[in-house]
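Notes for the structure review
Each chain is listed here by its residues.
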Amino acid sequence: QSTWGENDWEKYLIDKAIDQMNDILDFRLLMFKSDKEEKRNDLITQFVNDIGKTLVMGLIGYLKEEGSNGFFAGNKITIADLYFVAIYEYIKEYPSLNNLVPECTVFYEKILKTSPNVANWIKIRPVTPV
């Protein structure tokens, strides 16, 4: 059993979800690296109201359209699902975005419930700003 998918189709679904999450992370890094507060605030607004909202809703769409048994690919946790746990930490920093897409919280909690090791790591890991 591979966290990277059992066949080419699952690997494609995983790649698609990870690419979408990379777009979220790229924009997050752009916000974080901005040296001017006004620009950072503009980027945050753009993320919450437009770009981030579109990307996050797209991820949830992948779960609804392509995902099997509530995961991004197949019937067990893959690397895409684990990556979502990390990305969700950024999403929940923006309550207005998180509240727009409540399925994110449901999916995050499902992953933690499905994998006690991941849930434990979330509790004990070091907190970092990025």
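Residues numbered from 1 in each chain as written. Predicted model: local features only at pLDDT ≥ 70, side-chain atom pairs only at ≥ 80, totals over all residues. Heavy atoms only, no water.

1. Examining the confidence of the model for the chain
The predicted coordinates ought not to be read in detail in places where the model reports low pLDDT. Per-residue confidence for the chain averages 91 on the pLDDT scale, and 96% of its residues sit at or above 70. At the level of individual helices and strands, the chain shows its lowest average pLDDT in helix α4 (residues 95-100), which scores 89, and its highest in helix α6 (residues 116-124), which scores 95. (pLDDT = per-residue confidence, 0-100. Helix = DSSP H or I, 4+ residues; strand = E, 2+ residues; numbered from the N terminus.)

2. Some points on the pattern of salt bridges
Opposite charge on two side chains allows them to pair when their charged atoms are near. Within this structure, the stated rule accounts for five salt bridges. When the shortest N-O distance is used, the salt bridge between Glu6 and Lys76 registers 3.4 Å. Note that Glu6 is positioned in the segment before α1 (8-33) and Lys76 in the loop between α2 (37-65) and α3 (79-91), a separation of 70 residues in sequence. With its nearest N and O atoms 3.5 Å apart, the salt bridge here joins Glu89 to Lys92. By relative accessible area, which is 13% here, Glu89 ends up buried. Classification of Lys92 by relative accessible area gives partly exposed; the value is 36%. A cluster of three or more residues bridged by salt bridges with shared partners is formed by Glu89, Lys92 and Arg125. (Salt bridge = Lys/Arg side-chain N within 4 Å of Asp/Glu carboxyl O. Buried < 20%, exposed > 50% of the residue type's maximum accessible area, 1.4 Å probe, protein only.)

3. Here's the deal with the nonpolar core
Grouped together as the largest cluster of nonpolar side chains are 40 residues, with contacts concentrated most on Met21, Phe72 and Phe84. Among the secondary structure elements, those contributing two or more residues to this core are α1, α2, α3, α5 (103-114) and α6. (Core = buried A, V, L, I, M, F, W, Y, C linked by side-chain atoms within 4.5 Å.)

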